[in-house]
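Okay, here's what each chain looks like letter by letter:
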Amino acid sequence: MTISDASGTVVAGGGTKQAIRDAAVTLFTNKGFEQTSLREVADAVGITKASLYYHYASKLDLLLAIIDPVIDHMRSVVEDIDAVPHNPEGIRAVLRTYVRGMVRHRDAGAMCMRDTIAIVNAMADRYPDVADSTRELRRWLAGPNPTDEAMLRASAALEILGVALLSTEIVPGASDSLVEATLLDAATCVLTAHATA
């Protein structure tokens, strides 16, 4: 896993493929995956349907192009995670890396909320990647020889960070930095708080 403080934001001018993806996210979010045609996506970008097919062979391929980066990010976080020191700095760095990726892809979060069934069906082949990455990250966050409480805290911290994907729906005007800082602090608190019940 590479831990970086770089913002990871995508700059404008990403080309036709990025424009198609951006238009699809907007249309899929507003109308739903099933209700949106590739013709509408092509029209929104200002290209022909044939040009769209040059970049994406089907609507499902386009949907996967939106979802796959989120899954790939999850995999990248757990790659070589055992080399990261399990101390407060290492834990916060891992959480920061994870939430930054979720924030970077939060435009797709509203789409995922609207069309959960289409998303689940589309990512059927990638589900093991999601499940394995989440399980590995939860295990690492819980620490060596984790107690049941540590496992629950690690699971809760990941759920908190997952809110970043839904943040456009919850707080549409919130900046990326506010979403990142708030969720990072909340997840860190869940991991480090002492039992109060």
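Residues numbered from 1 in each chain as written. Predicted model: local features only at pLDDT ≥ 70, side-chain atom pairs only at ≥ 80, totals over all residues. Heavy atoms only, no water.

## Description of helix H9 (residues 148-170)
For the record, the criterion: Counting from the N terminus, the helices are the DSSP runs of H or I reaching at least four residues and the strands are the DSSP runs of E reaching at least two. For a helix, the expected span equals 1.5 Å multiplied by the number of residues minus one. Consider a residue and the seven residues that end there alongside the seven that start there; fitting an axis to each set, the bend is the angle between those axes. Per-residue accessibility, obtained with a 1.4 Å probe over protein chains only, is compared with the maximum for each type, and a residue is labelled buried under 20%, exposed over 50%, and partly exposed between these values. Pairs of residues are marked as contacts when any of their non-hydrogen atoms sit within 4.5 Å.
Helix length check: H9, at 23 residues, gives a terminal C-alpha distance of 31 Å against a target of 33 Å (1.5 Å per residue), a fit within 8%. Of all the bends found along H9, the most pronounced is centred on Ala164 and spans about 50 degrees. Along H9, the residues classified as buried are Ala150, Arg153, Ala154, Ala157, Leu158, Ile160, Leu161, Ala164, Leu165 and Ser167. Here the buried face of H9 lies against helix H4 (59-78), helix H5 (88-104), helix H6 (107-114), helix H8 (127-142) and helix H10 (176-192).

## Remarks on the packing of aromatic side chains
Selection rule: Working definition: a ring pair exists when centres of Phe, Tyr or Trp rings (six-membered ring for Trp) sit within 6.5 Å. Plane angles under 30 degrees give stacked, over 60 give edge-to-face, the rest tilted. Cation placement over rings: the criterion is NZ of Lys or CZ of Arg within 6 Å of the ring centroid and within 35° of the ring normal.
Applying the stated criterion across every chain, the model contains one aromatic pair. The interplanar angle of 80 degrees and the centroid separation of 5.1 Å between the aromatic rings of Phe28 and Phe33 together place this pair among those described as edge-to-face. On the basis of relative accessible area, Phe28 is assigned to the buried category, the value being 0%. Its relative accessible area of 8% is what places Phe33 among the buried residues. In this arrangement the basic side chain of Lys17 is found over the ring face of Tyr56, its NZ or CZ atom lying 5.2 Å from the centre. In this structure, Lys59 is placed above the aromatic ring of Phe33, and the distance from its NZ or CZ to the ring centre is 4.7 Å.

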